[in-house]
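What follows is the residue order along each chain.
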Amino acid sequence: MTPSAPPAIALDDVRKSFGRLEIIRGLNLSVAAGERHAIIGPNGAGKSTTFNLISGYMAPTSGEVRLDGQVISGLPPFQINRRGLSRSFQVTNVFAHMSVWENVRCALLWTTGHRYAFWKNVDRLPDVRERTAMILEDIGLAARAEVPAGLLTYAEQRALEIGITTAGGAKVILLDEPTAGMSHAETERAVALIRRLTEGRTLLIVEHDMSVVFGLADRISVLVYGQIIASGTPDQIRNDARVQEAYLGVEAA
Amino acid sequence: MSSTPFALAAAPSRRRDALQFYGAWLAVIAVMLILPRAFSSGGALTTFSLMGISVIFALSYNILLGQTGMLSFGHAVYYGLGGFLAVHAMNAIGAAKWPVPLPVVPLIGGLAGLVFALILGWVSTRRSGTAFAMISLGVAELVASSALILRSFFGGEAGVTANRTKLFKLFGLSFGPQIQIYYLVAAWTLIALIAMYALTRTPFGRMCNAVRDNPERVQFVGYDPHIVRYIAFAFAGLFAGIAGALSAINFEIANSAYLGTQQSGVALFAAYIGGIGVFIGPVIGAILVTYLSLVLSDLSSVWQLYFGLIFIAVVAFAPGGIAGLLLRHRPLLRAGQMWPVLRAYVVAAPPTAVMLAGLVLGIEIVVRHTVGTSDDPVMHLFGYSLDTGSPLSWAIAALLTLVGFTLARLTWKHVARAFDDAMTVARAKGYLA
Ligand SMILES: Nc1ncnc2c1ncn2[C@@H]1O[C@H](COP(=O)(O)OP(=O)(O)O)[C@@H](O)[C@H]1O
Ligand SMILES: [Mg+2]
């Protein structure tokens, strides 16, 4: 317990079972405010489940999740989002029948304070219009603004996913494998985009591409079989014997 | 495919869109003013009044189904309660001589719909999908059966009557003649149309679409889908109540049929046949369904069966409804590719008509044989007289259906090919929608 600023995200002995199967088995994690933190680990280790537990998609079976020192475990996702945490999904999860423009706009209506307003013309909100246009420019979809999201290419949908996640201006951003399935060039663009959009925010990212992880992250945690087996700077992780054995060794082979 | 033509077309098309937009509303007002002059018989005025009421009701239903993705089987509850409250309000106002004129009464019906939607909707809007649909059905049954128990309010089988001419008279309007009722309905239809359209263009309206598309993701951008659905439900109740009140004013009665599942079905029918994906869809559907139900019920004793068939046909072949069907042709029209498709339609029309004629003939023959014992066995259809007892009639029906079907199938394949070709050209020219 440090008396100074609490970590942006803290998980305290978090557990999650599906039926009799315990998937998250006493997970401890601490991400400092402003840090870029990557979670790596083999498929099925529980990375996405961890995101689900932090973002309120599911409640932990036991343990505690804190956002800026306040307990958020058990809260519904929209309340966690309103407290400044936003996440993306590993499988693209957008509003398929709505245009790209509408997708991004819906993602920032709450934080711009328009909420459930049924007395304002949504097309005449200068703040909303400017921010939407800015984000579309940022994610490189300005020319595709009118296209239904369901008709975008895969890489475009992933960019939109990041746009929706960051549009509301949340202080803490969770990205679940944002570059999965992308070509080398697309990955580079996506990483540059992530860097830009999460400037000055806290980032927790799940990523399989090791060059992305070691290039982007300030700290790395290794999740294996529902537990963090190591957490440290990229150099510490690279040189950690347990990590090499459990995970990186497999990769190198 | 490049996106440049699209970007270039954007600036001038915005001005054109604005012109089209205000032009459309002016056209609506013009039609409302011209209709009673062009067709001034009492029957026509009643038909138009019923269409207006149906338009409001179907649009209110589409706030749920088309905008927010909630399939309700009990929307008539709010229509009916609006109607009953309107009847009681008319009686109370007339008896107490309050200075409340008739045009205000639909507002009372609307408030009734709103309040009951707020009370009954909280639990059901927690979920969408099957749970919501089932609860809506349960609530509808509950209210419909209460209507038969609480006789003092609902008037039992007979319903409750009112006299709309006994209210405070503004500008000397008695609201006895149907033409005055027509204008009352038209004015409320216009108000409701504008209000419900405006609603789709608000932050709330857009979040309704988001909840419809992906209720899960909505939660991760700060919204509680339950609240979005609840507000949508309240608005739907409000406008349904207005429609019910107008109906009560028109007929000067409210009875349990107002609340029933059949009335709920009317909204679902109209919205779906017209097209739930476009604002204008339920308007088209409501006008068509009202017209058909008046015309068909005169022509055939089994007109509801035809309704069912039309509904099935729309679900199977045009899930976007009539409006969706029309909208699919927009890129062709813009790219100047309509001709080959139109030609294909013209070719497909005669065999399709033959097939339908055969079907109708078959249905009517069967109906005469099984139901219409008191009916004359000779029936008159399309200007011909046929003896339904003779095997010849049966053979004709079967032949028409089969030949029509065989030819129609070929011609519709041709339509599909012509459409695809035209669409390919339109896409190449950059017209996506
Ligand atoms: N809702 C669920 N119900 C049952 N099992 C689940 C559920 N979600 C995830 N799991 C299981 O939990 C394990 C971890 O999944 P996940 O968190 O998606 O792994 P990762 O993202 O690290 O690849 C997998 O074995 C998966 O099958
Ligand atoms: Mg995963």
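Residues numbered from 1 in each chain as written. Chains lettered and ligands numbered in written order. Predicted model: local features only at pLDDT ≥ 70, side-chain atom pairs only at ≥ 80, totals over all residues. Heavy atoms only, no water.

Sorry if this is basic, but what is going on with the sheet that holds strand β4 (residues 62-67) of chain A here?
Residue and element names in this part refer to chain A. Judged by pairing direction, the sheet is antiparallel, and its four strands sit side by side in the order β2-β1-β4-β5 without closing on themselves. Either end of the sheet is taken by a strand with one partner, and the two such strands are β2 (21-31) and β5 (70-71). Pairing of strand β1 (residues 9-18) with β4 involves five bridges; the strand directions are antiparallel. If you follow Ile-9 over to β4, its bridge partner there is Leu-67. Packed on one face of the sheet, helix α1 (residues 47-55) meets β1, β2 and β4 and runs near 115° to β1. (Pairing = 2+ DSSP bridges. Helix = DSSP H or I, 4+ residues; strand = E, 2+ residues; numbered from the N terminus. Contact = heavy atoms within 4.5 Å. Axes fitted to C-alpha atoms, helices over the stretch in contact; angles between N-to-C directions.)

Where do I start with the sheet that holds strand β6 (residues 85-87) of chain A in this structure?
Two orientations exist for strands paired in a sheet by backbone hydrogen bonds: parallel and antiparallel. Residue and element names in this part refer to chain A. Here we have six strands laid out as an open sheet, ordered β6-β7-β8-β3-β9-β10, and mixed in their pairing. Taken across any chain shown, the strands that pair with only one partner, and hence form the sheet edges, are β6 and β10 (227-232). Recorded for the sheet is a direction-independent mean angle of 15° between the axes of neighbouring strands. Here three bridges tie β6 to strand β7 (residues 172-176), and the two strands are oriented parallel to one another. Within β7, the residue paired with Ser-86 across the bridge is Ile-173.

Honestly, the coordination of the magnesium ion (ligand 2) in this entry has me stumped. Any pointers?
Working reference: metal with six octahedral donors, ideal angles 90 or 180 degrees; metal with four tetrahedral donors, ideal angle 109.5 degrees. Taken together, A:Ser48 (OG) and A:Gln90 (OE1) make up the protein donors of the magnesium ion (ligand 2), found 2.1 to 2.2 Å from the metal. Note that A:Ser48 is positioned in helix α1 and A:Gln90 in the loop between β6 and α3 (100-108), a separation of 42 residues in sequence. (Donors = N, O, S within 2.8 Å, 3.2 Å for Na, K, Ca; no water.)

What am I meant to see in unusual backbone geometry here?
Most peptide bonds take the trans configuration, and most residues that are not glycine carry a negative phi. Positive phi outside glycine occurs at A:Asp13, with the angle close to 45°. Tracing the backbone through its elements, the reader meets A:Asp13 in strand β1.

Explanation requested: the site of ligand 1 in the structure shown.
All names here are of chain A. All residues adjacent to ligand 1 are Phe-18, Ile-23, Pro-42, Asn-43, Gly-44, Ala-45, Gly-46, Lys-47, Ser-48, Thr-49 and Met-58. At 2.9 Å from an oxygen atom of ligand 1 is found a main-chain nitrogen or oxygen belonging to Gly-46. Taking Lys-47, its main chain carries an N or O atom lying 2.8 Å from an oxygen atom of ligand 1. Relative to its unbound accessible surface of 560 Å², ligand 1 loses 59% to contact with the protein. The dominant element in the shell around ligand 1, judged by the number of residues it contributes, is α1, at three residues. (Near = heavy atom within 4 Å. Polar contact = N/O pair within 3.5 Å; in protein donor to acceptor, adjacent residues only side chain to side chain. Areas by Shrake-Rupley, 256 points an atom, 1.4 Å probe, with all protein chains shown as cover.)

Sorry, what's going on with the pairing of β7(A) here?
Both faces of the sheet carry side chains from a regular strand, because those side chains alternate between them. Here β7(A) lies mainly inside the structure; five of its five residues are buried. Because side chains alternate across β7(A), one face comprises the buried residues A:Val172, A:Leu174 and A:Asp176, and the other comprises A:Ile173 and A:Leu175, equally buried. (Buried < 20%, exposed > 50% of the residue type's maximum accessible area, 1.4 Å probe, protein only.)

Can you walk me through the interface of chain A and chain B in this structure?
A common way to report how large an interface is uses the accessible area buried once the components associate. Taken together, the contact pairs 39 residues of chain A with 28 residues of chain B. Contact between chain A and chain B buries roughly 2900 Å² in total, counting both sides, with carbon and sulfur atoms accounting for 61%. Applying the counting rule to chain A against chain B returns three salt bridges. Measuring nitrogen to oxygen at the nearest pair gives 2.4 Å for the salt bridge that ties A:Glu102 to B:Arg206. Across the chain A-chain B interface, the total number found is 19 residue pairs in polar contact (both at pLDDT 80 or more). Mapped by element, the contributors of at least two residues to the side of chain A that touches chain B are α2 (77-82), β6, α3 and α5 (154-167) of chain A. (Buried area = accessible area lost by both parts, 1.4 Å probe. Salt bridge = Lys/Arg side-chain N within 4 Å of Asp/Glu carboxyl O.)

Where do I start with the environment of B:Val221 in this structure?
Within the secondary structure, B:Val221 sits in the loop between α9 (215-218) and α10 (225-251). A relative accessible area of 3% places B:Val221 in the buried class. On a C-alpha basis, the gap between B:Val221 and B:Ser136 in space is 28 Å, while along the polypeptide they are 85 residues apart. Among residues more than four places away in sequence, those in contact with B:Val221 are A:Asn81, A:Cys106, A:Ala107, A:Trp110, A:Ile164 and B:Met207.

Hey, could you run me through the confidence of the model for chain B in this one?
As a general rule, the predicted coordinates of low-pLDDT regions are not to be interpreted in detail. All names here are of chain B. The predicted model of chain B has a mean per-residue pLDDT of 91, with 94% of residues at 70 or higher. Long-range and interchain partners of residues 1-11, a stretch whose pLDDT sits below 50, account for four contacts in this model, where long-range means more than four residues apart. Scoring the predicted complex yields pTM 0.93 and, for the interface, ipTM 0.95. (pLDDT = per-residue confidence, 0-100.)

I tried to follow the nonpolar core on my own but got confused; where do I start?
Side chains of a nonpolar character, in soluble globular proteins, are inclined to be buried together. Judged by nonpolar contacts, the single largest core of 140 residues is most densely connected at A:Ile139, A:Leu160, B:Leu102, B:Met207, B:Tyr223 and B:Phe239. Sort the elements by how many residues they give to this core and α10(B) lands first, with 15 residues. If you look at the next biggest cluster of nonpolar residues, it comprises 24 residues, including A:Ile39, A:Leu75, A:Leu85 and A:Leu174. (Core = buried A, V, L, I, M, F, W, Y, C linked by side-chain atoms within 4.5 Å.)

Looking at this structure, how should I read the environment of B:Tyr272?
Following the sequence through the fold, B:Tyr272 ends up in helix α11 (residues 261-274). Not counting residues up to four positions away in its chain, the partners in contact with B:Tyr272 are B:Leu65, B:Phe311, B:Val314, B:Val315, B:Pro319 and B:Gly321.

Whenever I open this one, the domain arrangement of chain B confuses me. Can you help?
Domain parsing of chain B yields domain 1 (25-305) and domain 2 (330-428). The C-alpha centroid of domain 2 of chain B is placed 34 Å from the C-alpha centroid of domain 1 of chain B. (Domains from an automatic or database assignment.)

Would you take a moment to explain the environment of B:Val185 for this structure?
Residue and element names in this part refer to chain B. Counting through the fold element by element, Val-185 comes out in helix α7 (residues 178-200). The buried category is assigned to Val-185, whose relative accessible area is 2%. Among residues more than four places away in sequence, those in contact with Val-185 are Ser-49, Gly-52, Ile-53 and Leu-246.

Could you clarify how one ought to interpret the pattern of salt bridges in this entry?
Oppositely charged side chains may form a pair once their charged atoms are brought near each other. In the structure shown here, the tally under the stated rule is 14 salt bridges over all chains. Close ionic contact of A:Arg15 with A:Glu22 constitutes a salt bridge, the shortest N to O distance being 3.4 Å. A salt bridge links A:Asp138 to A:Arg196; its shortest N-O distance comes to 2.9 Å. A residue pair is termed long-range when its members are at least 10 positions apart, and A:Asp138 in helix α4 (residues 126-138) and A:Arg196 in helix α6 (residues 184-197) qualify at 58 residues. Residue A:Asp138 is classed as partly exposed on the basis of its relative accessible area, which comes to 26%. Through salt bridges that share partners, A:Glu102, A:Arg105, A:Asp123, B:Arg201 and B:Arg206 make up one connected network.

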